[in-house]
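Letter by letter, the chains look like this.
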Amino acid sequence: MISDTDVWKFVHILLFVYWLGADLGVFLLAKAAQRSDLTFDQRVIALRMALKIDILPRLSFALMFPVGLELSAARGLVEPTLALRALSWAVSAVWVAIVIGMVRTQDVRRAAALKHANVVLHWVLFLVIAVIGLTSVLGHGPFPTGWLGWKILLFGLM
């Protein structure tokens, strides 16, 4: 029988693979779009593909923390409150909405506002998650010291 831990671990690994794999694909396509040995049409196609694929790592990154929190809880590493779980999923849902809005909107002003909101959210989450990770590594945070504390700290720094 499949346990909660198995499900969350599978989703966590999928997000990681889509996050890094798709990010690598976007990088390679963007590099291809700069190659002078390709025709203009080939470079345009590479750039369009990169822009379409770029949503996958962004969505994966936005979902990584709440999925990781659920995995940690399922494994018995942490006991998050219902409020913390709800907050992590709510922040993730807002982040996903911002990412989808940035990609789908045709309004230049709205796209700029969403991009700004995305940058602000990145900085806020960087500070919050890095502080949580650092305090956990030092033995005063919500996550156990050792590998999980370091993982949270490294995730915050990314």
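What you see is a predicted model; the values in this text were computed from it and never measured. (Residues numbered from 1 in each chain as written. Predicted model: local features only at pLDDT ≥ 70, side-chain atom pairs only at ≥ 80, totals over all residues. Heavy atoms only, no water.)

Caption draft 1: Structural context of the confidence of the model for the protein. This prediction gives the protein a mean pLDDT of 91; 100% of its residues lie at or above 70. Mean pLDDT values over the elements of the protein span from 85, in helix H6 (residues 147–157), up to 94, in helix H4 (residues 82–104). (pLDDT = per-residue confidence, 0-100. Helix = DSSP H or I, 4+ residues; strand = E, 2+ residues; numbered from the N terminus.)

Caption draft 2: Examining H4 more closely. For H4, built from 23 residues, the straight-helix expectation of 33 Å at 1.5 Å per residue is met to within 8% by its first-to-last C-alpha distance of 32 Å. All of the buried residues along H4 are Ser 88, Ser 92, Trp 95, Val 96, Ile 98, Val 99, Gly 101 and Met 102. For H4, the secondary structure elements touched by its buried residues are helix H3 (55–74) and helix H5 (108–137). (Expected span 1.5 Å × (residues − 1). Buried < 20%, exposed > 50% of the residue type's maximum accessible area, 1.4 Å probe, protein only. Contact = heavy atoms within 4.5 Å.)

Caption draft 3: Representation of H5. Between its first and last C-alpha, H5 extends 42 Å over 30 residues, near the 44 Å set by a 1.5 Å rise per residue. For H5, every residue scored as buried is listed here: Leu 114, Asn 118, Leu 121, Leu 125, Ile 129, Ala 130, Gly 133, Ser 136 and Val 137. Each element contacted by the buried residues of H5 is listed here: H3, H4 and H6. Of the residues that open H5, the one with a side-chain oxygen 3.2 Å from the backbone nitrogen of Arg 109 is Asp 107. (Polar contact = N/O pair within 3.5 Å; in protein donor to acceptor, adjacent residues only side chain to side chain.)

Caption draft 4: Region of the structure containing the packing of aromatic side chains. In the structure shown here, the tally under the stated rule is 8 aromatic pairs. With centroids separated by 5.4 Å and ring planes inclined at 80°, the aromatic side chains of Phe 61 and Trp 95 adopt a geometry described as edge-to-face. With Phe 61 in helix H3 and Trp 95 in helix H4, this residue pair connects regions lying 34 residues apart in the sequence. A residue is classified by how much of its surface remains accessible, and Trp 95, at 7% relative accessible area, is buried. Residues Phe 61 and Phe 155 carry aromatic rings whose centres are separated by 5.2 Å and whose planes lie at 45° to one another, so their mutual orientation is tilted. With Phe 61 in helix H3 and Phe 155 in helix H6, the pair connects residues that are 94 residues apart, well separated along the chain. Given the relative accessible area of 14%, Phe 61 is considered buried. (Phe/Tyr/Trp six-rings, centres within 6.5 Å; stacked < 30°, edge-to-face > 60°.)

Caption draft 5: The arrangement of the side chain of Thr 5 in detail. Assignment of secondary structure puts Thr 5 in helix H1 (residues 4–32). What Thr 5 contacts, discounting residues up to four positions off in sequence, is Leu 71, Ala 74 and Arg 75.

Caption draft 6: Quick peek at the nonpolar core. Phe 65, Trp 95, Ile 129, Phe 143, Ile 152 and Phe 155 are the most contacted members of the largest nonpolar core, which has 24 residues in total. Taken together, the elements giving at least two residues each to this core come down to H1, H3, H4, H5 and H6. If one sorts the elements of this core by residue count, H3 sits on top with 8 residues. With sequence-adjacent residues up to four places away left out, Phe 155 is seen in contact with Trp 19, Phe 61, Met 64, Phe 65 and Ile 129. Among the nonpolar cores identified, the runner-up in size contains 7 residues, and Val 26, Leu 29, Ala 32 and Ala 50 belong to it. (Core = buried A, V, L, I, M, F, W, Y, C linked by side-chain atoms within 4.5 Å.)

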